[in-house]
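If you want the building blocks of each chain, they are given just below.
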Amino acid sequence: MKIPKSWSSYISNEWRTVFFSEILNKVNQEYDSHTIYPAYDDVLNAFYYTPYEKVKAVIVGQDPYHGPNQAHGLSFSVRPSEKIPPSLKNMYKELQSDLNIEIPNHGCLLSWAEEGVLLLNTVLTVREKQPHSHKRIGWHLFTDHIIETLNKREDPIVFILWGNHAIEKEALITQDHHAILKAPHPSPFSANKGFFGSRPFSKCNEWLIHWGKKPINWKINNIMQ
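Here's a quick rundown of the structure.

About the criteria used
- Residues numbered from 1 in each chain as written.
- Predicted model: local features only at pLDDT ≥ 70, side-chain atom pairs only at ≥ 80, totals over all residues.
- Heavy atoms only, no water.
- 1 Å grid on protein atoms, 1.4 Å probe; cavity = no way out; pocket = protein on both sides within 12 Å on 5 of 7 lines; lining within 4 Å.
- Points joined across faces, edges and corners; volume = space filled by probe spheres on them.
- Nonpolar A, V, L, I, M, F, W, Y, C, P; charged D, E, K, R; others polar.
- Helix = DSSP H or I, 4+ residues; strand = E, 2+ residues; numbered from the N terminus.
- Buried < 20%, exposed > 50% of the residue type's maximum accessible area, 1.4 Å probe, protein only.
- Polar contact = N/O pair within 3.5 Å; in protein donor to acceptor, adjacent residues only side chain to side chain.
- Contact = heavy atoms within 4.5 Å.
- Expected span 1.5 Å × (residues − 1).
- Arc of directions from axis to C-beta.

**Remarks on empty space enclosed by the protein**
Over the atoms a probe the size of a water molecule is rolled, and this reveals where empty space is left.
Working step 1: A complete count under the given rule lists one cavity of 30 Å³ or more for this structure.
Working step 2: For the largest cavity, the calculated volume is near 40 Å³.
Working step 3: Surrounding the largest cavity, Gln62, Asp63, Val123, His132, Lys135 and His165 form its lining.
Working step 4: A class-by-class count of the residues in the lining of the largest cavity yields one nonpolar, three polar and two charged.

Structural data, given as structure tokens:
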């Protein structure tokens with residue numbers, strides 16, 4: 001795995017420590033002996049598609065989807081050919097309610113990443129059909145470092161935290177010039193407990209406009225079937 005150039009000066013020192021070398025060794029062993037998602041070359045896609053200097057917002061997920069051909073390195077996103085997962089369906093429902101944006105016919109969020117939304121899972125790999133199987137492998141310390149690095153940035157960012165797992169990361173966001181939007185997770189088990197109606201997409205853009213930034217185009221174009 002290679003850190004994208006735009007992020008390297010901010011996280012390469014951490015990446016080279018003995019501790020993170022041990023994490024990578026564990027991950028490499030997992031890829032050698034099990035079916036792991038996403039594909040090895042896709043693990044750091046969130047950083048490739050959203051360069052450090054272009055980050056406007058961060059949406060924090062948990063671990064990747066654990067089914068074939070789903071995960072591709074962006075939180076909540078699946079490859080265009082795959083069925084839209086339940087949590088993402090609820091995100092789309094809220095997007096439509098919030099900004100009157102048509103629900104797309106696929107679940108690939110690449111256009112959001114290219115708009116400046118860092119789609120960051122706290123754990124970057126998972127065994128096939130074993131959710132949370134890499135929870136203790138050490139990835140969370142690396143992604144904590146990512147959040148801490150962004151927290152230090154003078155240019156403000158909107159951190160979007162859904163569910164208790166993501167909200168735990170709020171403690172890492174200590175600079176008051178950033179914005180934090182919190183709500184229950186969009187999964188079918190909790191979406192009705194406050195995610196629906198939370199208006200994260202318009203609120204994020206309100207902050208960006210307040211800071212003199214270009215708002216995010218949340219619209220996702222349909223793909224030909």
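So much for the structure itself; the text now carries on.
**What to know about the side chain of Thr122**
Working step 1: Within the secondary structure, Thr122 sits in the loop between β3 (117-121) and β4 (126-127).
Working step 2: The class for Thr122 is buried, based on a relative accessible area of 1%.
Working step 3: A distance of 2.9 Å separates polar atoms of two side chains, one belonging to Thr122 and the other to His165.
Working step 4: Here Thr122 is in contact with Val60, Gly61, Gln62, Trp139, His140, Thr143, His165 and Lys169, once residues within four sequence places are set aside.

**Re helix α2 (residues 18-33)**
Working step 1: Between its terminal C-alpha atoms α2 stretches 23 Å, which fits the 22 Å expected from 16 residues at 1.5 Å a residue.
Working step 2: When α2 is considered as a whole, its buried residues turn out to be Phe20, Ile23, Leu24, Val27, Glu30 and Tyr31. Projected onto a plane normal to the axis of α2, the buried residues spread over an arc of 115° and lie on a single side. Across α2 from its buried face, at more than 90 degrees, point the exposed residues Val18, Gln29 and Asp32.

**Describing the side chain of Thr50**
Working step 1: One can find Thr50 in the loop between α3 (45-49) and β2 (57-61).
Working step 2: The exposure class assigned to Thr50 is buried, which follows from its relative accessible area of 0%.
Working step 3: A polar side-chain atom of Thr50 sits 2.8 Å from the main-chain carbonyl oxygen of Ala113.
Working step 4: Once you skip the residues sitting within four places of it in the chain, Thr50 turns out to touch Trp7, Val55, Ala113, Gly116, Val117 and Leu118.

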